Amino acid sequence: MTFQMLKSYPSFYALLFLASLILAGSYFFPYWVMHLKAPQYPMGLHMKVYLDHVEGDVDEVNLLNHYIGMEKLQNAAQWERKVAALAVGLLILGGLIVLSFSKKIYFIFYLPPILFLIGFIGDFTFWMYYFGHYLSPEAPVHIKPFMPRLLGAGKIGQFHTQAMFGVGFWLGFLATGIYMLAINIKKKLLTQAST
Amino acid sequence: MMILSRIRFILSGYLVLLCIATQSQASVLEDIAKKRGLTASDMRAALMTYTPSGKHDPYLMFASGGHAGSVLVIGLPSMRLIKTIPVFSPDSWQGWGTGSLDSKRILDGGGKALRWGDLHHPALSETNGVYDGQFLFVNDKANARVAVIDLRDFSTKQILQNPLFVNDHGGTFVTPNTEYIIETSQYNVPLGARYAPMTDYKKKYRGVVTFWKFDRAQGKINLSQSFSIELPPYWQDIVDLGKKVSDGYLFINSINTELASPDNMNQKPQLEMAVSRNDMDFLHVIDWKKAEKVAKSAGTQKTAGMKLITLKQAIQEKLLYFIHEPKSPHGVDVSPDGNYIVVSGKLDPHVTVFEFNKLKNAIAQNLVQGKDEYGVPILKFDSVLAAQIEVGLGPLHTQFDKQGYAYTSLFLDSAIAKWSLGEPYHKGNAAWKLLDKVSVHYNIGHLSCVEGDTAEPGEGYCVSLNKWAIDRFPNVGPLLPQNFQLVSTTGSEKMQVLYDMPIPNAEPHYAQIVKAERLKPWSVYPLGMSAETMKPSPVATLAGKERIVRKGNTVDVYMTTIRSHLTPDLINVKKGDLVRIHLSSIERALDATHGFAISRYNINVSLEPGKVETVEFKADQSGVFPYYCTEFCSALHLEMTGYLVVQ
């Protein structure tokens, strides 16, 4: 990427950098949040799932989960969490390099950010399923295997749960949108240049 | 127009509905009042004190628990008892002296044989004469001890015995920045708690005031930097510290300036007569900042391990003056601006007010009217007097509010008197005036008003700490509770008793009321904390690191507690082994406290989230002994148990 190129496609680069910045920023915000409420937790329990770790009342949730034989939350998505930073980095770097040097816009360029978000949802759903279905038979409280709610309100025992995507996910979503816009602008400029 | 009239019609209908609703509400209230026989002022009192579930009190009162050896924490205005803090006496709920090695070390610090105390005067730590909410100090009259309570976790951290005397009353009081905690002797003995026959009372017995140096960073009293001043063997009574203009001075009441000693089986008069004969006793005035310098100078000798300024030195260095104070004095209280010193004698119907500026002048110009028999100069009464106000019979203690009103407890009248201070609070005819009296039930001792002994008092409430309850509560046998009465003192309204709170604990003495927002307590301990040291514990254990280590005849068990299991849940030892169980609560949830009790081994400790405690015992009974969690912690609490097997 040279200064010449920057000069010829200023809005493209502005948007590309903005998308990269927002995507990088999303790493520091939770992608998914869950609030649990029960009579003996007037202040509620709160969990925030980031791309690489979980924050909030994790110990308390683990403690409650052990009564139904659920695994510790830390055991989920260990591999995914390890490569999360790398994936985001590759996505940004790859995007910057490929889009800057490519003389043509291919359909495949649109896919990585979309796949990234779909991948997150898919992987997350898988782990939700796993945690809800692989319960220790030794546990004092036997409950039917269940699929925890990915989004919206749910109920387990005396707990009312409310799950939603977090700020990080929506930042990722926004970054994807801006990225699309950037590609479209470059595509238009390339078409103009060739005619 | 049509629409407008339509709206008006709907609105008026709504208003009518609202009126009906409020009217029926009012009649419901009237019905309740009628049924319960409540007057309008009763209903006012109810409205002023009722605190709905989940709402917090704006004030907390730290009340001494008297000879129960504990401190009571009470919310105001609801008068709900929120906590007891065990200090000098064991408490099995909190595992205080019931098997925990940590609490045993603190209790033993005050004497291995002592397992109760007569707790009298709580004193909150102060910064610039205002409560800072960090520490609470208390004394034990029975054994001349002081204790430090940390208000991060509301638990006792240190108990110290005074090496010079064995009985105190004037404790604890703090200097305006909590440099020192004051303790004065009462029923005096020879210095260093040694022997001398009663016939040597005048010659060998001595009074003492001790300045315990408080190390705020460590949260502990530092004995080596503390010092004392020798006093004549009058019975030193209660203390207040100067503040603002009088900062640096200390005032102590005294009785028995007759120097009477007992022997009523051999024609000596009863003590209470012999010690009350004089019309005037001595208010002790001490320049403590000067005394601190004298104590730091090289000349000070140590007696029984403590730096002691002798009486002779104190007179020479002009550290000590007396002022006459009327009959059987008991209260001494310094006004918020520091300029007035209010004393009251139980057998004189006045409060007598001295003025600090005059006092300073009298010292500077050496306006003395003689010396006592130990050579202490007595300042001229008239040269320091500001006012004497007749308030009623048996005046004891005085507290203040932010508008310059003073509230004095009247023991014989069973009442509280409200009166006005002089300038700058009230001028001309409005000054030094008795304004109002309210009856209390019965035999009030101390009273406590909102931050009423500080440089910046609050307003609105006083609590009457009554010694007798007589007919206030249902009969529960010959031993009656005490009665704390909440009194409203708002503005210029007449004082009103709002609430009676029975105290079925022991005779409480003094109390301090602090704005709740000044306190910043922990909700849980940081993980792995020792409550004894308030530092990370060297024997803390994390989940997965539990172990049993045997070395010779000593078995160390590193155990964790979390809902709903104890790990390990089986301990095998041999009879005669020394067993130490290091318990770590690895809970992080608010209120998820566990207990740990072992059957037949006289052990119960409390494990609040994050706390580490050690129990130590000799396995001297063979057999199988369950241990279990004593706090109902979870649905599977009953299952939170294990076995100690002693072979």
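Residues numbered from 1 in each chain as written. Chains lettered and ligands numbered in written order. Predicted model: local features only at pLDDT ≥ 70, side-chain atom pairs only at ≥ 80, totals over all residues. Heavy atoms only, no water.

**A few points about the overall build of chain B**
Condition: The helix count covers DSSP runs of H or I at least four residues long, the strand count covers runs of E at least two residues long, and both are numbered beginning at the N terminus. Each radius of gyration reported is based on C-alpha atoms, and the globular scaling rule is 2.2 Å times the count of residues to the power 0.38. For each residue, the accessible area found with a 1.4 Å probe, counting protein chains only, is set against the maximum for its type, and the residue is called buried under 20%, exposed over 50%, and partly exposed in between. In what follows, a contact means two residues having at least one pair of non-hydrogen atoms within 4.5 Å. Only the protein chains shown count as cover for residues, and all accessible areas are computed by the Shrake-Rupley method using a 1.4 Å probe. Neither His nor the chain termini are counted; the positive set is Lys and Arg, and the negative set is Asp and Glu. By convention, charge coordinates are those of NZ in Lys, CZ in Arg, CG in Asp, or CD in Glu.
Summing up its helical and strand segments, chain B has 9 helices and 45 strands in all. Whereas a compact globule of 647 residues would reach a radius of gyration of roughly 26 Å, chain B reaches 28 Å, a difference of no more than 12%. Taking all 647 residues of chain B together, the buried fraction comes to 58%. Look at the contacts in chain B between residues 6 or more apart in sequence, and 61% of them connect residues 24 or more apart. Of the roughly 27800 Å² of accessible surface on chain B, 56% is carried by carbon and sulfur atoms. Side-chain charges in chain B split into 67 positive and 65 negative, and the spacing between the mean points of these groups amounts to 4 Å.

**Some thoughts on the environment of Arg81(A)**
Residue and element names in this part refer to chain A. We apply this condition: By the criterion applied in these results, polar contacts are pairs of N or O atoms within 3.5 Å in which, for protein atoms, one can donate a hydrogen and the other can accept it, and in which residues neighboring in sequence qualify only through two side-chain atoms.
Position of Arg-81 among the secondary structure elements: in helix 4 (residues 78-101). For the pair Arg-81 and Tyr-50, spaced 31 residues apart in the sequence, the C-alpha separation amounts to 8.8 Å. Apart from residues lying up to four places away in sequence, Arg-81 is in contact with Leu-51, Asp-52, His-53, Gln-74 and Ala-76. A polar contact of 2.8 Å, which involves the side chain of Arg-81, links it to the backbone oxygen of Ala-76.

**Overview of the pattern of salt bridges**
All names here are of chain B. To keep things clear, this is the line we draw: Salt-bridge detection follows one rule: a side-chain nitrogen of Lys or Arg within 4 Å of a carboxyl oxygen of Asp or Glu.
As enumerated under the stated definition, the model contains 27 salt bridges over all chains in all. Salt-bridge contacts for Lys-157 lead to Asp-153; the nearest nitrogen and oxygen are separated by 2.8 Å. Ionic pairing is found between Lys-515 and Glu-451, a salt bridge with its closest N-O pair at 3.9 Å. Of the two residues, Lys-515 is situated in strand 33 (residues 511-515) and Glu-451 in the loop between strand 29 (444-449) and strand 30 (461-466); the sequence distance between them amounts to 64 residues. With a relative accessible area of 24%, Lys-515 lands in the partly exposed category.

**As for the sheet that holds strand 26 (residues 405-410) of chain B**
Residues and elements named next belong to chain B. Spelled out, the test is: Note on pairing: DSSP must find at least two bridges between two strands before they are called paired. Simply put, an axis is a line fit to the C-alpha atoms, just over the touching stretch for a helix, and the angle between two N-to-C directions goes from 0 to 180 degrees.
Spatially, 25-26-27-28 is the arrangement adopted by the 4 strands of the open sheet, whose pairing is antiparallel. Each edge of the open sheet carries a strand with a single partner, namely strand 25 (395-400) and strand 28 (434-439). Between one strand and the next, the sheet's axes are offset by a mean angle of 20°, whatever the strand orientation. Sheet analysis places strand 26 next to strand 27 (residues 415-420), joined by 6 bridges and oriented antiparallel. Paired with Ser-409 across the two strands is Ile-416, which belongs to strand 27.

**Brief notes about a nonpolar patch on the surface**
Inclusion rule: By definition, no residue in a patch forms a salt bridge, and every one has over 30% relative accessible area; like charges are joined within 9 Å, nonpolar side chains (Val, Leu, Ile, Met, Phe, Trp, Tyr) within 5 Å.
Together, Leu93(A), Ile97(A), Val98(A) and Phe101(A) give the surface a local cluster of nonpolar side chains, amounting to about 370 Å² of exposed area. Within the secondary structure layout, Phe101(A) lies in helix 4.

**Let's talk about the state of the cysteines**
Here is the idea: a disulfide is a covalent bond, and it sits between the sulfur atoms of two cysteines. Residue and element names in this part refer to chain B. Filter applied, for reference: For this text, the term disulfide refers to a pair of cysteine sulfurs within 2.5 Å.
Scanning the entire structure with this criterion turns up 1 disulfide over all chains. The disulfide bridge from Cys-449 ends at Cys-462, spanning 2.0 Å between sulfur atoms. One disulfide, between Cys-449 and Cys-462, carries an S-S torsion of 100° and so falls in the right-handed class. Separated by 13 residues along the polypeptide, Cys-449 in strand 29 and Cys-462 in strand 30 bring together distant segments of the chain. Of all cysteine sulfurs in the structure, the one in Cys-633 sits closest to Cys-629, which takes part in no disulfide; the separation is 4.1 Å.

**Examining the nonpolar core**
Heads up, the condition is: Each nonpolar core is a collection of buried residues, namely Ala, Val, Leu, Ile, Met, Phe, Trp, Tyr and Cys, held together in the definition by side-chain atoms within 4.5 Å.
Ranked by internal contacts, the top residues of the largest apolar core, which has 57 residues, are Phe211(B), Ile229(B), Leu250(B), Phe251(B), Ile341(B) and Leu359(B). Beyond its immediate sequence surroundings of up to four residues, Phe251(B) is in contact with Ile238(B), Val239(B), Asp240(B), Gly242(B), Leu283(B), His284(B), Val285(B), Val332(B), Val334(B), Ile341(B), Phe356(B) and Leu359(B). By size, the runner-up hydrophobic cluster in this structure holds 56 residues, among which are Leu36(A), Tyr110(A), Phe116(A) and Leu190(A).

**Describing the domain arrangement of chain B**
Residue and element names in this part refer to chain B. Note the threshold: Annotation comment: domain bounds sourced from an automatic or database domain assignment. Buried surface area refers to the total accessible area, computed with a probe of radius 1.4 Å, that the two partners give up upon joining, counted for both partners together. Ten residues, namely Ala, Val, Leu, Ile, Met, Phe, Trp, Tyr, Cys and Pro, are considered nonpolar, four, namely Asp, Glu, Lys and Arg, are considered charged, and the remaining ones, Gly among them, are considered polar.
Along its sequence, chain B is carved into domain 1 (61-198 + 205-262 + 273-518) and domain 2 (529-646). For domain 1 versus domain 2, the separation of C-alpha centres amounts to 41 Å. Counting residues at the interface gives 17 residues for domain 1 and 16 residues for domain 2. Taken over both partners, the interface formed by domain 1 and domain 2 buries close to 1300 Å², and the fraction arising from carbon and sulfur atoms is 43%. Of all residues in domain 1, Gly-99, Leu-101 and Asp-102 bury the most surface against domain 2, accounting for 34% of the area lost on that side. Applying the counting criterion to the domain 1 and domain 2 interface returns 1 salt bridge. Where Glu-532 meets Arg-105, a salt bridge forms, and the shortest distance between an N and an O atom there is 2.9 Å. Here the residues of the side of domain 1 that touches domain 2 sort into 3 nonpolar, 7 polar and 7 charged.

**Considering the packing of helix 2 (residues 10-26) of chain A against helix 6 (residues 167-194) of chain A**
Residue and element names in this part refer to chain A. Operational definition: Here the angle decides the label: under 35 degrees means roughly parallel, over 145 means roughly antiparallel, 65 to 115 means roughly perpendicular, and every other value means oblique. Put simply, a crossing is left-handed when the front helix is turned counterclockwise from the back one by less than a right angle, and right-handed when it is turned clockwise.
Two elements in contact, helix 2 and helix 6, have axes whose closest approach is 8 Å; the angle formed by their N-to-C orientations is 165°. With respect to helix 6, the axis of helix 2 lies roughly antiparallel. When you trace helix 2 past helix 6, the crossing you get is left-handed. Taken together, the residues of helix 6 that come into contact with helix 2 (itself represented by Ser-11, Phe-12, Leu-15, Leu-16, Leu-18, Ala-19, Ile-22, Leu-23, Gly-25 and Ser-26) are Gly-168, Leu-171, Gly-172, Leu-174, Ala-175, Ile-178, Tyr-179, Leu-181, Ala-182, Ile-185 and Lys-186. Its residues assigned to classes, the contact of helix 2 with helix 6 shows 15 nonpolar, 5 polar and 1 charged.

**Some words on empty space enclosed by the protein**
Residues and elements named next belong to chain B. Test applied: Using protein atoms alone on a 1 Å grid, points that fit a 1.4 Å probe yet trap it form a cavity, whereas open point sets bounded by protein on both sides within 12 Å along at least five of seven lines form a pocket; residues with an atom within 4 Å of a point count as lining. Grid points are joined across faces, edges and corners, and a volume is the space filled by probe spheres set on the points.
A complete count under the given rule lists 1 cavity of 30 Å³ or more for this structure. In this structure, the largest cavity occupies an estimated 240 Å³ of space. If you trace the largest cavity, you find 23 residues lining it, with Phe-173, Val-239, Asp-240, Leu-241 and Asp-453 closest to the centre. When contributions to the lining of the largest cavity are tallied by element, the ones reaching two or more residues are strand 4 (123-127), strand 8 (168-174), strand 13 (235-241), strand 19 (329-334) and strand 25.

**Focus: the layout of surface pockets**
All names here are of chain B. As a volume, the second largest pocket reaches approximately 1500 Å³. Around the second largest pocket, the lining is made up of 42 residues, and of these Ile-82, Lys-83, Pro-521, Trp-522 and Ser-523 lie nearest the centre. Put simply, the parts of the chain that give the lining of the second largest pocket at least two residues each are strand 3 (80-86), helix 3 (101-109), strand 7 (155-161) and strand 43 (611-618). The element contributing the most residues to the lining of the second largest pocket is strand 3, with 4 residues. Classifying every residue of the lining of the second largest pocket by side-chain character gives 17 nonpolar, 11 polar and 14 charged. Mapped onto the domain boundaries, the lining of the second largest pocket takes at least three residues apiece from domain 1 (61-198 + 205-262 + 273-518) and domain 2 (529-646).

**Some details on the packing of aromatic side chains**
In this description, an aromatic ring pair is defined by two values, namely the gap between the centres and the angle between the planes. Residues and elements named next belong to chain A. Our working definition: Here the aromatic set is Phe, Tyr and Trp, taking the six-membered ring for Trp, and pairing holds for ring centres within 6.5 Å; pairs whose planes are under 30 degrees apart are stacked, those over 60 apart are edge-to-face, and all others are tilted.
Overall, the coordinates contain 42 aromatic pairs over all chains when judged by the stated rule. When the ring of Tyr-106 is compared with that of Phe-109, the centres are 5.6 Å apart and the planes differ by 85°; the resulting orientation is edge-to-face. Of the residues examined, Phe-109 reaches a relative accessible area of 12% and is grouped as buried. Each ring, one from Phe-169 and one from Trp-170, has its centre 5.3 Å from the other, and the planes form 85°; the classification is edge-to-face. Judged by its relative accessible area of 5%, Phe-169 falls in the buried class. For Trp-170, a relative accessible area of 47% gives the class partly exposed. Members of the aromatic cluster, connected to one another through ring pairs, are Tyr-31, Trp-32, Phe-120, Phe-124, Phe-165, Phe-169, Trp-170 and Phe-173.

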